[in-house]
Amino acid sequence: MTRPVTVVVPAHNEKECIAKTVRSLVASTHPAEIIVVDDGSTDGTADIVEALRLPEVRVVRQPNGGKSSALNTGIALASHDIVVMMDGDTVFEPSTIANLVAPFADPRVGAVAGNARVGDRKRLISRWQHIEYVIGFNIDRRAQDLWHAITTVPGAVGGFRAQALRDAGGVSSDTLAEDTDLTIAIGRAGWRVVYQPSARAWTEAPATFGQLWRQ
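Heads up: these notes are all about the structure in this document. (Residues numbered from 1 in each chain as written. Predicted model: local features only at pLDDT ≥ 70, side-chain atom pairs only at ≥ 80, totals over all residues. Heavy atoms only, no water.)

1. Section: the pairing of strand β1 (residues 5-11)
Our working definition: Under the scheme applied here, a residue whose accessible area is under 20% of the maximum for its type counts as buried, over 50% as exposed, and between as partly exposed, the area being computed with a 1.4 Å probe on protein chains only. Runs of H or I in DSSP of at least four residues are treated as helices and runs of E of at least two as strands, each being numbered from the N terminus. Two strands make a pair as long as DSSP finds a minimum of two bridges between them. Note on handedness: a crossover is taken as right-handed if, strands pointing away from the viewer, the path from the first strand over the helix to the second is clockwise.
The buried fraction of β1 amounts to seven of the seven residues, a majority that puts the element mostly inside the structure. On β1, burial covers both faces: Val5, Val7, Val9 and Ala11 on one face and Thr6, Val8 and Pro10 on the other are all buried. Sheet analysis places β1 next to strand β2 (residues 32-39), joined by seven bridges and oriented parallel. Residue pairing across strands places proline 10 opposite valine 37, the latter belonging to β2. Read as a crossover between parallel neighbours, the route from β1 over helix α1 (residues 18-26) to β2 is right-handed. The sheet contact formed by β1 and strand β4 (residues 82-86) spans three bridges and is parallel. Each bridged residue has a counterpart across the sheet, and for valine 8 the counterpart in β4 is methionine 85.

2. Observations concerning the environment of glutamate 178
Mapping glutamate 178 onto the fold places it in helix α7 (residues 178-188). Sequence separation between glutamate 178 and valine 153 is 25 residues; the distance between their C-alpha atoms is 9.8 Å.

3. Structural notes on the packing of α1 against helix α2 (residues 45-52)
To be explicit about the condition: All axes here are fitted lines through C-alpha atoms, helices being fitted over the stretch that makes contact, and every angle between N-to-C directions spans 0 to 180 degrees. Oblique is the label for every angle not falling under 35 degrees (roughly parallel), over 145 degrees (roughly antiparallel), or within 65 to 115 degrees (roughly perpendicular). The sense of a crossing depends on the near helix, which, turned anticlockwise from the far helix by less than a right angle, makes the crossing left-handed and, turned clockwise, makes it right-handed. Any two residues whose heavy atoms approach within 4.5 Å at even a single point are treated as in contact. Amino acid classes used here: Ala, Val, Leu, Ile, Met, Phe, Trp, Tyr, Cys and Pro are nonpolar; Asp, Glu, Lys and Arg are charged; the rest, including Gly, are polar.
Contact geometry for α1 and α2: axes closest at 9 Å, N-to-C directions at 40 degrees. Of the possible angle classes, the one that applies to α1 and α2 is oblique. Relative to α2, the crossing made by α1 is right-handed. Packed against α1, whose contacting residues are Ile18, Ala19, Val22 and Arg23, the element α2 presents Thr45, Ile48, Val49 and Leu52 at the interface. For the contact of α1 with α2, a count of residues per class yields six nonpolar, one polar and one charged.

4. As for the pattern of salt bridges
So the rule is basically this: Note on definitions: salt bridges are taken to be side-chain nitrogens of Lys or Arg within 4 Å of carboxyl oxygens of Asp or Glu.
Under the definition given, this model contains eight salt bridges. Of the charged contacts, one joins lysine 67 and aspartate 87 as a salt bridge, the two residues approaching to 2.7 Å between their closest N and O atoms. Pair noted here: lysine 67 is in helix α3 (residues 67-77) and aspartate 87 is in the loop between β4 and β5 (90-92), with a separation of 20 residues, a long-range link. Exposure remark for lysine 67: the relative accessible area of 30% places this residue in the partly exposed category. Between aspartate 106 and arginine 108 there is a salt bridge; the shortest N-O distance is 2.9 Å. Looking at arginine 108, the relative accessible area reads 51%, which means it is exposed.

Given below as structure tokens:
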């Protein structure tokens, strides 16, 4: 699949990572429209992205409404029929988008789960998170894919058919796990959800017990 896609990046106070995130998307081997939705940041996140002056990147500012609100804003503005969603603290490899959208060649596929990995594994908590990710993605998700029963397309790296998002009613705000709720809703609407291990994304793990608890 070579048609351009839309990448939606919800961002709230991501000044430490957002430039690296956006640059990784611009370096993609697959053509993409990039929409960064600044969800009421108070640390200049949107200003950092705008200062990069990248023609492929559009910045949209909105009052803080939560991640689901930011995602729905980006989805509504998407120009293409495949929408990739990621987190503002995540970095894609150049081939990530191309690998992520390849399964959409099958018209039955409504969503694709990518392979999220922990980028910084120097801290003990990060190492724990790395183990969790390895088990969750490399074991659990492979088994779920085999059984056609994937329950979560991760927020850090997921691809969606725009029609499947419409059929699911968009991203729900009435939840503590919008990625799981969205995935289940897409499955209930009759779409297939598959796992693509080659679509790797590197994300920041919590550095403190407080951050881990909030996650």
